[in-house]
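Survey of secondary and tertiary structure
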Amino acid sequence: MDKDYCKYSELAEMLKVLAHPVRLCIVKGLLENGGCNVSYMQSCLGAPQSTVSQHLQKLRTAGIIEGERNGTVICYRVCNDKAAEIIKVLFRE
């Protein structure tokens, strides 16, 4: 076994961020739809805009998603291949 735990810390942090039902749902939905904005996510999740925004901030900070501004609308998409693979494995049927 490798005792150098430092190299595992980045992946562990990503798993911590993904380990929330709403964030799993957001990332899964972004992968399925190729991206969407907060209003769409809010209506799908049935959650307040502020709650969705807080989850998006955690995902952005972790480098899992990124947003592209088009006027006043930001369209989010998954930008982390490892996170995308994790979601695909978790929801494989």
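This text gives an overview of the structure that appears in the document.

Calculation rules
Counting starts from 1 at the beginning of each chain's written sequence and moves along it residue by residue. The predicted origin of the model limits local features to residues at a pLDDT of at least 70 and limits the giving and counting of side-chain atom pairs to 80 or more, whereas totals for whole chains, interfaces and linings rest on all residues. Hydrogens and waters are ignored; side-chain quantities use all the structure's heavy atoms. We define a nonpolar core as any set of buried Ala, Val, Leu, Ile, Met, Phe, Trp, Tyr and Cys residues linked to one another through side-chain atoms lying within 4.5 Å. Accessible area is worked out with a 1.4 Å probe on protein chains only. A residue is then buried under 20% of its type maximum, exposed over 50%, and partly exposed in between. Strands here mean DSSP runs of E at least two residues long; helices mean DSSP runs of H or I at least four residues long; both are numbered from the N terminus. Here a residue-residue contact requires only that any non-hydrogen atoms of the pair lie within 4.5 Å. Strands were regarded as paired on the criterion that DSSP finds at least two bridges between them. Salt bridge, as applied in this entry: a Lys or Arg side-chain nitrogen positioned within 4 Å of an Asp or Glu carboxyl oxygen. Note on method: axes are straight lines fitted to C-alpha atoms, helices fitted across the in-contact stretch only, with angles between N-to-C directions ranging 0 to 180 degrees. Every angle not falling under 35 degrees, over 145, or within 65 to 115 is termed oblique; those three ranges are roughly parallel, roughly antiparallel and roughly perpendicular. When residues are grouped by polarity, Ala, Val, Leu, Ile, Met, Phe, Trp, Tyr, Cys and Pro land in nonpolar, Asp, Glu, Lys and Arg in charged, and all others, Gly among them, in polar. Charged residues are defined here as Lys and Arg on the positive side and Asp and Glu on the negative side; His and the ends of the chain fall outside this count. Contacts described as polar in this section are N or O atom pairs within 3.5 Å, which, within protein, must combine one atom able to donate a hydrogen with one able to accept it, while residues neighboring in sequence count only if both atoms come from side chains.

1. A few points about the nonpolar core
By size, the foremost hydrophobic cluster in this structure holds 21 residues, and its most contacted members are Leu18, Leu30, Met41, Leu56, Leu59, Ile64 and Ile65. Elements with a contribution of two residues or more to this core: helix 1 (6-18), helix 2 (21-33), helix 3 (38-45), helix 4 (49-61), strand 3 (73-78) and helix 5 (81-90). The residues touching leucine 59, leaving out its near neighbours within four places in the chain, are Val17, Leu18, Arg23, Ile26, Val27, Ile64 and Ile65.

2. Focus: the environment of lysine 82
Considering the arrangement of structural elements, one finds lysine 82 in helix 5. Classification of lysine 82 as exposed rests on a relative accessible area of 54%. Note: C-alpha distance between lysine 82 and leucine 11 (71 residues apart in sequence) is 8.6 Å.

3. Concerning the pairing of strand 2 (residues 65-70)
In the sheet, strand 2 pairs with strand 3 via six bridges, with the strands oriented antiparallel. Bridge assignment links isoleucine 65 to a residue of strand 3, and that residue is valine 78. Remark: two residues form the turn of the hairpin made by strand 2 and strand 3, two consecutive strands paired antiparallel; glycine 71 in that turn has positive phi of roughly 70 degrees.

4. Notes on the pattern of salt bridges
Within this structure, the stated rule accounts for three salt bridges. In this structure, glutamate 13 engages lysine 16 in a salt bridge whose closest nitrogen and oxygen atoms are separated by 3.0 Å. Here the residue glutamate 13 and the residue lysine 16 both occupy positions in helix 1, the gap between them amounting to three residues, near one helical turn. Residue glutamate 13 is classed as partly exposed on the basis of its relative accessible area of 43%. Lysine 16 sits in the exposed class, given a relative accessible area of 52%. Between glutamate 66 and arginine 77 there is a salt bridge, and its shortest N-O distance comes to 2.3 Å. Taken together, the residues glutamate 66 in strand 2 and arginine 77 in strand 3 connect sequence positions eleven residues apart.

5. Brief notes about the packing of helix 2 against helix 4
One way to put it is that helix 2 packs onto helix 4 with a least axis distance of 10 Å and a crossing angle of 70 degrees. What the angle tells us is that helix 2 and helix 4 run roughly perpendicular. Counting all contacts with helix 2, which are made through Val22, Arg23, Ile26 and Val27, the residues of helix 4 involved are His55, Leu56, Lys58 and Leu59. Tallied by class, the residues present in the contact of helix 2 with helix 4 amount to five nonpolar, one polar and two charged.

6. Concerning the side chain of arginine 23
When you line up the elements, arginine 23 lands in helix 2. For the buried arginine 23, no salt bridge is present, and the opposite-charge side chain at shortest range is glutamate 13, 10 Å distant. Among the polar contacts made by the side chain of arginine 23, one reaches the main-chain carbonyl oxygen of valine 17 at a distance of 2.6 Å. The residues touching arginine 23, leaving out its near neighbours within four places in the chain, are Lys16, Val17, His55, Lys58 and Leu59.

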